[in-house]
Every structure is written in structure tokens, then in C-alpha cells.
Amino acid sequence: MNFYSLNKKAPKVSFKDAVVKGIAPDRGLYFPEKITPLPATFFEEIDSLSNYEIAFEAIHQFVCEDISQNKLNTILEDVLDFDFPVIEIEDNIATLELFHGPTMAFKDVGARFMARCLGHFSKEKSNEVTVLVATSGDTGGAVANGFLGVEGVNVVILYPSGKVSDIQERQLTTLGQNIAALEVDGTFDDCQKMVKTAFLDAELLENMQLTSANSINVARWLPQLFYFLFTYKQLKSKNKEIVFSVPSGNFGNICAGMVAQKLGMPVTQFVASTNVNDTVPQFMRTQNYKPKPSTATISNAMDVGDPSNFIRIRHLYKDNFDMLKQNLSSYSFTDAETKEAMLKIYKESGYITDPHGAVGYLGLKKFKEEHPSAYGIFLETAHPVKFLDVVEETLGKSLEIPPQIQKVMDKEKNSIKISTYKEVKDYLLGR
């Protein structure tokens, strides 16, 4: 399986090279040369398979030339050592909890999978790899935890100062070892732009091997399709039309779900639910893609004005808007609407959502206004405690701090404040 740049001005590469490079020399995202649907029997018999077996069958075609079956099994057993429960909260509405991993965010799956792939590949090389990643919230903590102590890999995380929650910041600034945090005076879009600029900097590339652990990296992005399949396994017996509502920022998660659909997973529709950073909802209304500066919200992981992975989604549907619209709906919501939804869900069901999950719920409810018979799942992408102030203030309730979070609460923050790309470059060359 080869991967090619969506800008189509760079050579095709193997999975291994796509992971190590992160982004193509022409600045395009890598995409698999083909997506071969799984046999119908796979979905007919999915409820008899373990999560490890499901994940192996789903990812094998993309990685088999670079990772042996035994090694892939080992990686998957290490990555998927926690649960992905589906919790019903209303008639025909459930939430998929993706926060039972080590950093209590959905990105644990992709970050751990990529870390183990890169660790495996780095053993074959004598030089170190530097992972450069921008975060709007949970990516940083998940990547930091996934790569902590991985031999031959250094991690540098850029995050926007004052625009991530206190717990998110602690998860990416307190680990030390091979993890460094650069606190950027700016937005997530500024951080992401710095990362992309670094990948085109000839002087940097001459002095180090850079790769990205954002969802632009195929090893971070693709494994997210696993838990859509795990959810279908849990819901198959309901024999209902399935709709996924995905809180969306950089659009890697929902894009991975759409790859699961291309593999043959029966699903009626995907809903991309956003906060006021509504570039994609606007596109779905106007067919005009107009990126804009991001706006800070209480669902900060979705504060993205130019989502990198939306080009992959358009490519999946051959940039045919009518075909895309048959599979994707998209709606945006304000902070006030988000808080109102959090309170409504809690009062009516006792279930506590984080702000991102609440946006997913709102998108699902909007879609179901015209499709009431659909069975909807909204993704709860992070544990509510990661947004402690907002959740407690909105619900008027104190939350218990889980052990995964308690262990970072008393650790000392260690970050380097920067404001320009030159400072990023100087830091990397200084390492």
C-alpha cells in the first residue's frame, strides 16, 4: 500500500515513510492509494469478533507491507487496553465514551498507535526523530503520554497560551523526559501554521528528521476508525439506521469514521458538529470554503478556523459536493447553546457531558428533526473533568477527579514561552 500527497506534486511513499515524514514535501497530506472494502461477512459476523480482531482487519491493508502481523497484533493489544462503551441517554440517542484511556481523551488511540509505530520504525534507524505537534487541547496530552520515554523520539508540543484548560495544560507540560512544551502567544491556527512551516524549512530538514503527530499524520488519523467499528458491533442487533455526530475541530476524527464507512460499515450519515468556528457548516450551505481566524470558545479543542483534514473528506467523495452532502451534514452552535444542552442532558438523564460532547448532542438533535427514526450516537471525546470550571459552573455540581488526572495536578508546569516561528526554529536547532 502506497500513500500519495493530496497536492499530487510529490512521490508516492510507503506507510512507514508517510509516518516518518508526517507531511509530503509539497505540503500535501498523505492519503492511501486505495481503500478496499472489507468482505460483507466481516460486518455480518462483527459481533462475534474481539476489538483487537476488528482493529486488525480494519488497519491491516494500510500497514501490512511495513509492519508484520505479529508486531501489528502486539501494537493493537497495547493501544486498545481500555473500553469504548456506548451509553444510551434518550430513546434512539446514545453517546460513545472515548475517554477511558490514559489521558481521558479520544486522541489516546491515535497517539498511542502512532507512538508505537514510530518507535518500531526508529529502531531500524540510527538517527533520532523529532515529533512536532500543535494542540488546541487534548492532542498535546495524548501525544505526550503516548510518546513518553519512547527511545529515539523527541516530542515538541506547541499550544496556544491561555486557550487550553488547566488540566489539559498540565498533561502536556509536566512530564519532562523526551517531552517539551512551547507556549505560543497566539491561537491554535498560529501553532499549526508554525508546525507546517517547519516541515518546509530546508535548514531544519537538513539537521533533523521531523514528523508530525497531529491528525495530518496517517498513523494518528487512520486508527480513529476503530471505535466507529466497535460502536457498530455494539449496535448491530438494533437493526436501525445509524448516524454519528462528531464534535469536529480539525476534522480528523470524522474523516476516519468516513473511512470506516468506505470499508463497508453500514451508516446512514455523519454529522460534523462545531462551535462558532463554522468554516465547514458554512461550506455545506454555500459550497464556498472560506477559512477564517479561530475564535476562542468553551469547547476549545474545536477552535479551528481552517481544519486540515477537511481536504481528506472532500477527496473521499471525489470533491463531488452532491455526493458529500448525501453523507455529511454540519451545524454550528454557540457557547450559550452548548451550556444549555449540558444542563438539559444532566437534568433529564443524569448524564454529564463535556462541552464538546454537548456540541455533538446538539448536532445530532438538529439532524433528527428531519430524520426522527435514525439511531444517533454522539461522541463524548473527553472526560468532563478536563473542562472542570465550565462543567461545574454550568451544572452547579462538583466533579470527582479521576486518578489519571489527579496524578498531574500537583506537578510543576514547565513550558517555554514563544511568539514567532523563528523562536520555534531556534529551539529545535538548539536541541
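Each chain carries its own residue numbering, running from 1 in the written order of its sequence. The predicted nature of this model means local features are confined to residues of pLDDT at least 70 and side-chain atom pairs, given and counted, to a pLDDT of 80 or more, with totals for whole chains, interfaces and linings taken over all residues. As a rule here, side-chain values come from all non-hydrogen atoms in the structure, and water together with hydrogens is ignored.

A. Structural view of the packing of helix 16 (residues 335-349) against helix 18 (residues 388-395). Contact geometry of helix 16 with helix 18 gives a least axis separation of 9 Å together with a crossing angle of 60°. In the packing of helix 16 onto helix 18, the handedness of the crossing is right-handed. Along the contact surface, helix 16 presents K339, M342, L343 and Y346, while helix 18 presents V390, V391, E393, T394 and L395. Lines fitted to C-alpha atoms define the axes here, with helix axes fitted over just the stretch in contact, and angles between the N-to-C directions of these axes take values from 0 to 180 degrees. Where helices and strands are cited, they refer to DSSP runs of H or I of at least four residues and of E of at least two residues respectively, numbered from the N terminus. Throughout, a crossing is termed right-handed when the near helix is turned clockwise from the far one, and left-handed when it is turned anticlockwise from it by less than a right angle. Throughout, a contact is declared for two residues whenever any of their heavy atoms are within 4.5 Å.

B. Structural context of the sheet that holds strand 10 (residues 242-247). Two strands qualify as a pair provided that DSSP identifies no fewer than 2 bridges between them. The strand order 4-5-13-10-11-12 describes an open sheet built from six strands, whose pairing is mixed. A single partner strand is all that each edge strand has here, and the edge strands are strand 4 (86-90) and strand 12 (328-332). Adjacent strand axes in the sheet meet at a mean angle of 25°, parallel and antiparallel pairs treated alike. Direction of pairing for strand 10 relative to strand 13 (residues 375-380): parallel, over a ladder of four bridges. Counterpart to S245 in the pairing with strand 13 is F378. Relative to strand 10, helix 11 (residues 226-235) is tilted by about 145°, and along the sheet it contacts strand 4, strand 5 (93-97), strand 10, strand 11 (269-274) and strand 13.

C. Up close: the sheet that holds strand 8 (residues 179-184). Strands sit in the order 9-6-7-8-14 across an open sheet of five strands; the sheet is parallel. Across the chains shown, the open sheet's two edge strands, defined by having one partner strand only, are strand 9 (209-212) and strand 14 (416-418). The sheet shows a mean angle of 25° between the axes of neighbouring strands, direction not considered. Inspection of the sheet shows strand 6 (residues 129-134) paired to strand 9 by four bridges, in the parallel sense. Looking at the pairing, L132 lines up with S212 of strand 9. Helix 5 (residues 107-122) rests against strand 6, strand 7 (153-160) and strand 9 of the sheet, and its axis sits at about 160° to strand 9.

D. Highlighting the nonpolar core. To qualify as a nonpolar core, a set must consist of buried Ala, Val, Leu, Ile, Met, Phe, Trp, Tyr and Cys residues joined through side-chain atoms within 4.5 Å. Each residue gets one of three labels from its accessible area relative to the maximum for its type: buried under 20%, exposed over 50%, partly exposed in between, using a 1.4 Å probe on protein chains only. One finds F15 and F147 to be the most contacted residues of the largest nonpolar core, which totals 125 residues. If one sorts the elements of this core by residue count, helix 5 sits on top with eight residues. Apart from residues lying up to four places away in sequence, F15 is in contact with M1, F3, F62, V63, D66, I67, F113, C117, F121, V218 and A219. Core analysis: the next-biggest nonpolar cluster, separate from the first, contains 33 residues, I89, I167, L362 and F367 among them.

E. View of the packing of aromatic side chains. Two aromatic rings, drawn from Phe, Tyr or Trp (for Trp, its six-membered ring), form a pair once their centres lie within 6.5 Å of each other, and the interplanar angle then sorts them: stacked below 30 degrees, edge-to-face above 60, tilted otherwise. Scanning all chains against the criterion turns up 21 aromatic pairs. Joined through ring pairs, the aromatic side chains of F82, F84, F113, F226, Y227, F228, F230, F244 and F270 make up one cluster. The side chain of R312 reaches across the aromatic face of W221, ending 4.2 Å from its centre. In our convention, an over-ring charge means Lys NZ or Arg CZ found within 6 Å of a ring centre and within 35 degrees of that ring's normal.

F. Region of interest: the pairing of strand 7. Summarising burial for strand 7: eight of the eight residues are buried, a large majority. By the alternation rule, side chains of strand 7 split into V153, V155, I157 and Y159 and N154, V156, L158 and P160, which are all buried. Judged from the six bridges that link them, strand 6 and strand 7 form a sheet pairing that is parallel. Bridge assignment links V131 to a residue of strand 7, and that residue is V155. The handedness of a crossover follows from its direction of travel: if, with the strands pointing away from the viewer, the path from the first strand over the helix to the second runs clockwise, the crossover is right-handed. At this point the chain moves from strand 6, through helix 6 (residues 138-147), to the parallel strand 7, and the crossover so formed is right-handed. Looking at chain direction, strand 7 and strand 8 are connected through six bridges and run parallel. Residue pairing across strands places V155 opposite I179, the latter belonging to strand 8.

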